[in-house]
Amino acid sequence: MTRLDRTPPGYRPLRLLGQGKTSQVYLALDDRGREVALKLPHPATLGQPEAAARFGNEVRLTLKFRHPRIVRGYAGAAFGPQAYLALQYYASGPLSETLQLAPQSLAWTARLRVLADLASGLTYLHASGAVHQDVKPQNVYLCPGGRAALGDLGSSYFVAQGGPVSGSPFYMAPEIYHGEASSGASDVYSLGILSYELLGGLRPFLGQSYEELMVAHLTRFPSPLAQVAPELPRAAAHLIERAMAKRAPDRPGADELRRALLLALGETPDDEPVEENAPAPAPTAPAQPTGRHGPLGRAAPPPPAEPEPAAPTPTGLRPDRWSLFRRRK
Ligand SMILES: Nc1ncnc2c1ncn2[C@@H]1O[C@H](COP(=O)(O)OP(=O)(O)OP(=O)(O)O)[C@@H](O)[C@H]1O
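Predicted, not measured: the structure shown is a model, and the values here were computed from it.

1. Some details on the overall build of the chain
So, point 1. For the chain, the count of helices and strands is 10 helices and nine strands.
So, point 2. Within the chain, the fraction of its 329 residues that count as buried is 47%.
So, point 3. Taking the contacts inside the chain whose residues are at least 6 apart along the sequence as the reference set, 67% of them involve residues at least 24 apart.

Next comes the structure, spelled out in structure tokens:
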């Protein structure tokens, strides 16, 4: 059975936009004639309990959150053979594609704007008591007018409820490598890494394997941003470097980062607007990070091509990222 055989009622697929490990995504028209990105899980996803649960989680949380800097969900079914998720369609696609195909098309101020938007989306998620767990260019969608939205909430969870700990090795915080719980601070770390990459033009930490990346994140320090991005105002550079601090308590909050990025754009940061229909903030469990400092490392060479290495399980197997470590309550 092809994915299109189980197109949900009311949708007319137009063309395949792309696919990932979990699903195929079609440009489709909904029953209002609106263009949507229609996400249909692979049959293998539905046949594998953990993968199916992750897709269901993405559907549930995407439909729950409502913020201009979070990819908007219109409708979906979380479980069963008819599972799907209809999303706002972002014609410019993911940031990773732009960085790969046309990096020069992103001007300096556009890069700062994308980062400020991501910090805004994270501020909202964290204020709602949730963590994202997978901030990376593949999960950032570019909107008309140079704005950006953070997508793929499949790994997200409410801190108070707990959830499986995961991440992508190029962007993962030291405490996650240690097998500890995710927190707003680990999302801020990932955004710090993405900021360094976007503004400095190179990834701060490199490795050909999960183990090499782990050593880099735990023990090395990249060249100062002032060197690789001299046009960045000093205050913003300092804050992005703090976002990449090895110890979670040393990192700023997402809102502090948002404000610094807006100031770097020459704007006066307002308070984050509280969105209508936002989920009530859930009580957050205290994070207990134990990231550690290490010796100074050398500047990283240019980034390698994807795909990035997957994380090993304790048994040495390399699973998909939704089951990297352990289930946490
Ligand atoms: N809202 C959207 N607007 C435009 N294109 C989209 C949208 N969502 C997804 N796509 C396209 O579909 C591709 C696959 O989507 P995505 O990476 O979310 O798949 P996935 O299988 O759920 O992810 P993963 O591999 O992380 O499990 C994206 O790379 C992008 O090209």
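Moving on from the model shown.
2. Section: the UniProt feature "binding site: ATP" (unreviewed entry) in the chain
So, point 1. Feature annotation in UniProt places "binding site: ATP" (unreviewed entry) on K39, given in this structure's numbering.
So, point 2. Tracing the backbone through its elements, the reader meets K39 in strand β3 (residues 35-41).
So, point 3. The residues contacting K39, other than those within four sequence positions of it, are S23, V25, Y84, L85 and L87.

3. Quick notes on the domain arrangement of the chain
So, point 1. What the domain assignment lists for the chain is domain 1 (11-88) and domain 2 (95-264).
So, point 2. When grouped by side-chain class, the residues that make up the side of domain 1 that touches domain 2 number five nonpolar, four polar and three charged.

4. Some words on the UniProt feature "domain: Protein kinase" (unreviewed entry) in the chain
So, point 1. Feature annotation in UniProt places "domain: Protein kinase" (unreviewed entry) on residues 11-263, given in this structure's numbering.
So, point 2. Annotated as 40% helix and 17% strand, the span residues 11-263 places its first and last C-alpha atoms 43 Å apart.

5. Focus: the site of the ligand
So, point 1. With respect to spatial proximity, 19 residues lie near the ligand, and among them G18, G20, T22, V25 and A37 are the closest.
So, point 2. The leading source of residues in the shell around the ligand is strand β1 (residues 12-19), at three residues.
So, point 3. Per-class residue counts for the shell around the ligand are nine nonpolar, eight polar and two charged.
So, point 4. Mapped onto the domain boundaries, the shell around the ligand takes at least three residues apiece from domain 1 (11-88) and domain 2 (95-264).

6. Points about the pairing of β1
So, point 1. When β1 meets strand β2 (residues 23-29), the two strands line up antiparallel, connected through six bridges. The residue of β2 that forms the bridge with Q19 is Q24.
So, point 2. As consecutive antiparallel partners, β1 and β2 are separated by three residues.

7. Quick notes on the confidence of the model for the chain
So, point 1. When pLDDT is averaged across the chain, the result is 84; 81% of the residues are at 70 or more.
So, point 2. Low confidence marks residues 311-329, where pLDDT is under 50. Its contacts with residues over four positions away, or in another chain, come to 39 contacts.
So, point 3. Overall fold confidence for the complex sits at a pTM of 0.85, while the interface term, ipTM, reaches 0.98.

8. Comments concerning the sheet that holds β1
So, point 1. The five strands lie next to each other as β1-β2-β3-β5-β4, forming an open sheet whose pairing is antiparallel. On the outer flanks of this sheet lie β1 and β4 (73-77), each paired with one strand and no other. Within this sheet the neighbouring strands show an average axis-to-axis angle of 25°, counted without direction.
So, point 2. Those strands touched by helix α2 (residues 49-64) are β2, β3, β4 and β5 (84-88), and its axis lies near 145° from that of β4.

9. Brief notes about the nonpolar core
So, point 1. L38, L118, A119, L191, L257 and L261 are the most contacted members of the largest nonpolar core, which has 82 residues in total.
So, point 2. Lining this core are residues from two domains, each supplying at least three of them: domain 1 (11-88) and domain 2 (95-264).
So, point 3. In this structure L261 touches L112, L115, A116, A119 and A236, once residues within four positions along its chain are discounted.

10. Some words on helix α9 (residues 234-243)
So, point 1. Those residues of α9 that fall on the buried side of the exposure criterion are A236, A237, L239, I240 and A243. Seen along its axis, α9 keeps its buried residues to an arc of 165°; they face one direction. The exposed set on the far side of α9, more than 90 degrees from its buried face, consists of R234 and A235.
So, point 2. Lining the buried residues of α9 we find α6 (184-200), α8 (225-228) and α10 (254-264).

11. Focus: the environment of L46
So, point 1. Of note, L46 is situated in helix α1 (residues 43-46).
So, point 2. Those residues in contact with L46, other than ones at most four positions away along the chain, are P41, A52, P81 and A83.

Quick notes on the rules
- Within each chain, residues carry numbers counting from 1 in the order of the written sequence.
- Residues qualify for local features only when their pLDDT is at least 70, as the model is predicted, and side-chain atom pairs are given and counted only at 80 or more; totals for whole chains, interfaces and linings, by contrast, use all residues.
- The helix and strand labels rest on DSSP assignments: H or I over at least four residues marks a helix, E over at least two residues marks a strand, and numbering proceeds from the N terminus.
- Exposure in this text rests on C-beta crowding, where 20 or more other C-beta atoms within 10 Å of a residue's own make it buried, 12 or fewer make it exposed, and counts in between make it partly exposed. The C-beta atoms are placed from the backbone.
- Placing C-beta atoms from the backbone, we regard two residues as in contact once those atoms come within 7 Å.
- UniProt positions are given in the numbering used here, feature names are shortened, and annotations may be inferred rather than shown by experiment.
- For the purposes of this description, domain bounds are those given by an automatic or database domain assignment.
- Residue polarity is assigned by list, with Asp, Glu, Lys and Arg as charged and Ala, Val, Leu, Ile, Met, Phe, Trp, Tyr, Cys and Pro as nonpolar; anything else, Gly included, falls into the polar class.
- Each residue receives a C-beta atom placed from its backbone. It is near a molecule or strand if this atom lies within 6 Å of it.
- By definition, two strands form a pair when at least two bridges between them are found by DSSP.
- For every residue, the predictor reports its confidence as pLDDT, a number between 0 and 100.
- Here, axes are lines fitted to C-alpha atoms. For helices the fit covers the stretch in contact, and angles between N-to-C directions go from 0 to 180 degrees.
- Remark: nonpolar core denotes a set of buried Ala, Val, Leu, Ile, Met, Phe, Trp, Tyr and Cys residues whose joining runs through C-beta atoms within 7 Å.
- Throughout, the arc means that of the directions going from the helix axis to the C-beta atoms.

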